[in-house]
Amino acid sequence: MHAKTDSEGTSLDASWLPRSPPRRPIYYVQSPSNHDVEKMSYGSSPTGSPPHHYYHASPIHHSRESSTSRFSASLKNPKSLYAYKHVQLDDQRQHRRRRLGDEDDDDDELDGLHSGSERNVRLYLCIALFFVMLFTVFCLILWGASKAYKPKISVKNIVFESFNVQAGNDQSGVPTDMLSLNSTVKILYRNPATFFAVHVTSTPPELHYLQLRLASGEMKKFSQSRKTQRTIKTVVKGYQVPLYGGISVISSAREHLERVSLPLNLTFVMRSRAYILGRLVQSKFYGRVRCSVTLHGNKLGKPLNLTNSCNYD
């Protein structure tokens, strides 16, 4: 056996030293354009391939890194996973705020339209109310102005055409004096209004002795234009009116009626209605007439002037 040199011993000992464990393979995950995740493994082979081979296989691995690789890395690092979830929550919150902001804008627009329509309705109501008030004031002015144009009524005269008293019986058969009277009343009616006509009606003209009615008539209704007048003749008569001894003047002078002087009252009411603005604005006038007249038996057929013998209310 040959003696071993120091160099041989050293080389022999180095050959018997235990080898270092093989390097742990390194894995990279790429996401190609077709979204299929291809997992490629690069590293040293069991036979000890050179290390430059697995770097040469993927020269652009930094630029091809995607969200999938980041997610894989986050799975390995809990802190990275927490940060990823936090980013996702922030994105969801921002999206929710943006959506709520859009809804608020829509609500604001709807509120603006609603408030604008309410303002328009209020404006229209105010304009309508203004015109109604203006029209009402105008109608009141017309109505007040019409009151200054009250119709003029004047009784001119009365003519007693016949007068007769005779004995008779009333409807129940009681004997009493019966009076018959016929007369004509002349009335002047004038409408002084400048902007409306009137429609006239009247109560029946009546002749009374105290509270006893001796004769009555009827006046037809008519219409009178503005600033015009007319003369109305009305027949007032009574036939077979029972007296029951209520008129002592007639009872004492029944045989000499030409000597009779009988005081009477002529009364009636004329109603005038003016349509100023159609039927919307109307004005009414009442003319109450009361005339004192004396029947003279010797003046039958002659007109008795009543111009200064009447009261008008």
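Going by an unreviewed UniProt entry, the protein carries the name Late embryogenesis abundant protein LEA-2 subgroup domain-containing protein and comes from Acer negundo.

Asker: Honestly, the overall build of the protein in this entry has me stumped. Any pointers?
Answerer: The number of helices and strands found in the protein is five helices and 13 strands. Within the protein, the fraction of its 313 residues that count as buried is 27%. Nonlocal contacts in the protein, meaning residues at least 24 apart in sequence, comprise 67% of its contacts between residues at least 6 apart. Split by element, the accessible area of the protein, about 22,400 Å² in all, is 55% carbon and sulfur.

Asker: What should I look at first to understand the nonpolar core in this one?
Answerer: In globular proteins that are soluble, nonpolar side chains generally tend to be buried together. Counting residues in hydrophobic clusters, the biggest one holds 46 residues, and the most contacted among them are Val155, Phe160, Phe163, Leu207, Leu262, Leu264 and Met270. No other element matches strand 10 (residues 261-277), which puts seven residues into this core. Every residue in contact with Leu264, bar those within four places of it in the chain, is listed here: Phe160, Leu207, His208, Tyr209, Leu214, Cys291, Ser292, Val293 and Leu295.

Asker: Just checking my understanding: could you explain the pattern of salt bridges for this structure?
Answerer: A side chain of one charge can pair with a side chain of the opposite charge when the charged atoms of the two come close. Under the definition given, this model contains one salt bridge. The shortest N-O distance in the salt bridge between Arg213 and Glu206 comes to 3.4 Å. A relative accessible area of 46% places Arg213 in the partly exposed class.

Asker: What am I meant to see in a nonpolar patch on the surface here?
Answerer: Judged by side-chain polarity, Leu123, Tyr124, Ile127, Phe130, Phe131 and Leu134 come together as a nonpolar surface patch covering roughly 660 Å² of accessible area. Its location among the elements puts Tyr124 in helix 4 (residues 78-146). On the accessibility criterion, Tyr124 (57% relative accessible area) is exposed.

Asker: Whenever I open this one, the state of the cysteines confuses me. Can you help?
Answerer: Throughout the structure, instances matching the rule amount to one disulfide. The disulfide that involves Cys291 links it to Cys310, with 1.8 Å between the sulfurs. Looking down the S-S bond of the Cys291 and Cys310 bridge, the torsion is 110 degrees, so its handedness is right-handed. Taken together, the residues Cys291 in strand 11 (residues 281-296) and Cys310 in strand 13 (residues 310-312) connect sequence positions 19 residues apart. A relative accessible area of 0% places Cys291 in the buried class. By relative accessible area, which is 10% here, Cys310 ends up buried.

Asker: Sorry if this is basic, but what is going on with the side chain of Ser283 here?
Answerer: Note on placement: Ser283 falls in strand 11. Owing to a relative accessible area of 0%, Ser283 belongs among the buried residues under this scheme. Of note is the side chain of Ser283, whose polar atom sits 3.4 Å from the side chain of Lys147.

Asker: Just to check I follow, could you spell out the pairing of strand 3 (residues 152-169) for this structure?
Answerer: Regular strands place side chains that alternate from one sheet face to the opposite one. Inspection of the sheet shows strand 3 paired to strand 4 (residues 175-191) by 16 bridges, in the antiparallel sense. Directly across from Phe163, in strand 4, lies its bridge partner Leu181. Once strand 3 ends, the chain turns through five residues before running back antiparallel as strand 4, passing Gly173 with a positive phi of about 90 degrees.

Asker: For this particular structure, what's the right way to read unusual backbone geometry?
Answerer: Excluding glycine, residues mostly carry a negative phi; peptide bonds, for their part, are mostly trans. Despite not being glycine, Lys227 has its phi angle at roughly 55 degrees, a positive value. Note on placement: Lys227 falls in the loop between strand 8 (222-224) and strand 9 (228-242). We note that Gln240 has phi near 50 degrees; this positive angle belongs to a residue other than glycine. For Gln240, the location among the structural elements is in strand 9. By relative accessible area, which is 24% here, Gln240 ends up partly exposed.

Asker: What am I meant to see in the confidence of the model for the protein here?
Answerer: Atom-level detail of predicted coordinates should not be read off regions where pLDDT is low. Put simply, the protein has an average pLDDT of 75, and 62% of its residues get 70 or more. Mean pLDDT in the protein bottoms out at helix 2 (residues 52-56), which sits at 41, and peaks at strand 5 (residues 198-202), which reaches 95. Counted against residues more than four places away or in other chains, residues 1-18, with its pLDDT under 50, gives one contact.

Asker: How should I be thinking about the pairing of strand 9 in this particular structure?
Answerer: Examined bridge by bridge, strand 4 and strand 9 share 13 bridges and lie antiparallel to one another. Across the sheet, the residue bridging to Met178 is Pro242, located in strand 9. Pairing of strand 7 (residues 212-217) with strand 9, which is carried by two bridges, proceeds in the antiparallel orientation. Within the sheet, the bridge partner assigned to Ser216 lies in strand 9 and is Lys237.

Asker: I keep staring at the environment of Tyr312 and nothing clicks. Help me out?
Answerer: Positionally, Tyr312 belongs in strand 13. The sequence separation of Tyr312 and Cys291 amounts to 21 residues, and the corresponding C-alpha distance is 8.8 Å. Contacts of Tyr312, omitting those with residues within four sequence positions, involve Ile153, Ser154, Val155, Arg288 and Val289. Of note is the side chain of Tyr312, whose polar atom sits 2.9 Å from the backbone nitrogen of Val155.

Here is what the cut-offs are and how they apply
Residues numbered from 1 in each chain as written. Predicted model: local features only at pLDDT ≥ 70, side-chain atom pairs only at ≥ 80, totals over all residues. Heavy atoms only, no water. Helix = DSSP H or I, 4+ residues; strand = E, 2+ residues; numbered from the N terminus. Buried < 20%, exposed > 50% of the residue type's maximum accessible area, 1.4 Å probe, protein only. Contact = heavy atoms within 4.5 Å. Areas by Shrake-Rupley, 256 points an atom, 1.4 Å probe, with all protein chains shown as cover. Core = buried A, V, L, I, M, F, W, Y, C linked by side-chain atoms within 4.5 Å. Salt bridge = Lys/Arg side-chain N within 4 Å of Asp/Glu carboxyl O. Patch = residues over 30% accessible without salt bridge, like charges linked within 9 Å, V, L, I, M, F, W, Y side chains within 5 Å. Disulfide = S-S within 2.5 Å. Polar contact = N/O pair within 3.5 Å; in protein donor to acceptor, adjacent residues only side chain to side chain. Pairing = 2+ DSSP bridges. pLDDT = per-residue confidence, 0-100.

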